[in-house]
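# A structural walkthrough
The residues making up each chain are set out below.
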Amino acid sequence: MAAERPDRDGGRERSKAGPGGGATALVRGSRGRLDQPLDRRRRLLPDYDPEAFGQLSERVARFLGTGRFIVWMTLIVTVWVVWNITVPSGWRFDPYPFIFLTLVLSLQASYAAPLILLAQNRQDDRDRVTQEQERKQNERSIADTEYLTREIAALRMGLGEVTTRDWLRSELQDLVRDLADHHLVFPAETGHGRDETDR
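### Quick look at the side chain of Arg-122
- Along the chain, Arg-122 falls in helix α3 (residues 99-159).
- Here Arg-122 falls in the buried class, since its relative accessible area comes to 15%.

Listed below in C-alpha cells is the structure:
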C-alpha cells in the first residue's frame, strides 16, 4: 500500500515499497523518479570534446606561426595568380581581380584568428595553473626554510651548553696548574713515578 504525504514544494511525495520491502522510490510531482538519472536534453548544436578541439586549435595555431606555413601560403598564392594570368581564358577559374582568391584568404583569416585566440587562452590557463603551483611550492619552501632556521638556532643554543673536548681539556689543565701551584702533585704523576706504578 502506498502512503502519500505533502512535501515541501506542495506536491505529493509517494513511497513505494518493493516486493521485498526494500528500497523505496520517490515521485515528486512532474520531476520524475529521483532514483533514476534525468534524460539528456536535446541540443541544437552537436556535442564535441572541448579538450580535443582545443588540442586541434593549438596544433593549427602552432602551424600558422611557422615559416613553413608562410612558404606554402606564398607558393599557393603565386601559383594561383600565375595560373589565372597565363593559361587560356577557358581554363581560368579566378580571373583578374582574383575575387575568389580574396574570398579564400578572408575565410582562412576568419578561421585562423579564433583558433589562435583559443590556443592563447589555453596557454594562459596553463600558465596560470603553473604559476599557482609555483607560488604554493615557494610558500612551502619558505616555510621549510624558516622551520630549519629555527631548528638550527635551537641546536646552536643547545650546543652552547654542551661540554666540548677542548673546554674539558682546558679545565683539566687549569686544575693541574692549580694543584701544581699548591704543591699537591703526587710523585705518581711524574715520569719516574708513573713507570713504577705501571709496573
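### Considerations on the packing of aromatic side chains
- Within the structure shown, the criterion is met by five aromatic pairs.
- Between the aromatic rings of Phe-63 and Phe-69, the centroid separation amounts to 5.7 Å while the plane-to-plane angle is 75 degrees, which identifies the pairing as edge-to-face.
- The partly exposed category is assigned to Phe-63, whose relative accessible area is 36%.
- One aromatic cluster is present, formed by Trp-80, Phe-93 and Phe-100 through successive ring pairs.

### Thoughts on a nonpolar patch on the surface
- Among the surface-exposed residues, Val-79, Trp-83, Trp-91, Phe-93, Phe-100, Leu-103 and Val-104 lie close enough to one another that they form a single nonpolar patch of about 750 Å² accessible area.
- For the nonpolar patch, the element with the highest residue contribution is α3, accounting for three residues.
- Position of Val-79 among the secondary structure elements: in helix α2 (residues 67-86).
- When its relative accessible area of 55% is taken as the criterion, Val-79 is described as exposed.

### Details of unusual backbone geometry
- The peptide bond linking Tyr-96 to Pro-97 adopts the cis configuration, its omega dihedral lying at 15 degrees.
- Turning to its location among the elements, Pro-97 is positioned in the loop between α2 and α3.
- Although it is not a glycine, Phe-98 adopts a positive phi angle of roughly 60 degrees.
- Within the element layout of this structure, Phe-98 appears in the loop between α2 and α3.

### Concerning the environment of Val-81
- Within the secondary structure, Val-81 is located in helix α2.
- A C-alpha to C-alpha distance of 9.6 Å links Val-81 and Pro-97, two positions 16 residues apart in sequence.
- Not counting chain neighbours up to four residues away, the residues in contact with Val-81 comprise Phe-98 and Leu-101.

### Quick notes on the pattern of salt bridges
- The full count for this structure, using the stated rule, is six salt bridges.
- A salt bridge links Glu-58 to Arg-126, with the nearest nitrogen and oxygen atoms 2.8 Å apart. Linking Glu-58 in helix α1 (residues 50-64) with Arg-126 in helix α3, this pair joins segments that are 68 residues apart in sequence.
- Residue Arg-126 is classed as partly exposed on the basis of its relative accessible area, which comes to 36%.
- A salt bridge links Arg-135 to Glu-132, with the shortest nitrogen-to-oxygen separation between them at 2.4 Å.

### As for the confidence of the model for the chain
- Per-residue pLDDT for the chain averages 76, and the proportion of residues at 70 or more is 73%.
- Taken together, the stretch residues 1-18 has pLDDT below 50 and engages in 33 contacts with residues farther than four places along the chain or on a different chain.
- Below pLDDT 50 for its whole length, residues 20-27 participates in 20 contacts with residues either more than four positions away or in separate chains.

### Some points on the packing of α2 against α3
- With their axes 11 Å apart at the nearest point, α2 and α3 run at an angle of 160 degrees to one another. By the angle class used here, α2 and α3 are roughly antiparallel. You can see that α2 and α3 cross each other, and the crossing is right-handed. Here α2 contributes Phe-69, Met-73, Val-77, Trp-80 and Val-81 to the contact with α3, which in turn contributes Phe-100, Leu-101, Val-104, Leu-105 and Gln-108.
- Looking at the contact of α2 with α3 residue by residue, the classes come out as nine nonpolar, one polar and no charged.

Definitions and cut-offs
- Each residue is numbered by its place in its chain's sequence as written, counting from 1.
- Since the coordinates come from a predicted model, pLDDT governs what is reported: local features require at least 70, and pairs of side-chain atoms require 80 or more to be given and counted, while whole-chain, interface and lining totals use all residues.
- The basis for every side-chain value is the complete set of heavy atoms in the structure, and neither hydrogens nor water enter the calculation.
- Under the DSSP-based scheme used, a helix requires at least four consecutive residues in state H or I and a strand at least two consecutive residues in state E, with every element numbered from the N terminus.
- Exposed residues in this analysis have more than 50% of their type's maximum accessible area, buried residues have under 20%, and partly exposed residues fall in between, with area computed by a 1.4 Å probe over protein chains only.
- Working definition: a ring pair exists when centres of Phe, Tyr or Trp rings (six-membered ring for Trp) sit within 6.5 Å. Plane angles under 30 degrees give stacked, over 60 give edge-to-face, the rest tilted.
- Surface patches are drawn from residues lacking salt bridges whose relative accessible area is over 30%; two like charges belong together within 9 Å, two nonpolar side chains (Val, Leu, Ile, Met, Phe, Trp, Tyr) within 5 Å.
- Throughout, the Shrake-Rupley method with a 1.4 Å probe supplies accessible areas, and for residues the shown protein chains are the sole cover considered.
- For this document, the term salt bridge refers to a Lys or Arg side-chain nitrogen within 4 Å of an Asp or Glu carboxyl oxygen.
- Residues count as neighbours in contact if any of their non-hydrogen atoms are within 4.5 Å of one another.
- Here pLDDT means the predictor's own confidence in every residue, given as a number from 0 to 100.
- To obtain each axis, a line is fitted to C-alpha atoms, and for helices this fit is confined to the stretch in contact; angles are then taken between N-to-C directions over 0 to 180 degrees.
- Note on terminology: angles under 35 degrees are roughly parallel, angles over 145 are roughly antiparallel, angles of 65 to 115 are roughly perpendicular, and the others are oblique.
- Left-handed is the label given to a crossing in which the near helix is rotated counterclockwise from the far helix by less than a right angle, and right-handed is the label when the rotation is clockwise.
- Classes in brief: Ala, Val, Leu, Ile, Met, Phe, Trp, Tyr, Cys and Pro nonpolar; Asp, Glu, Lys and Arg charged; the others, Gly included, polar.

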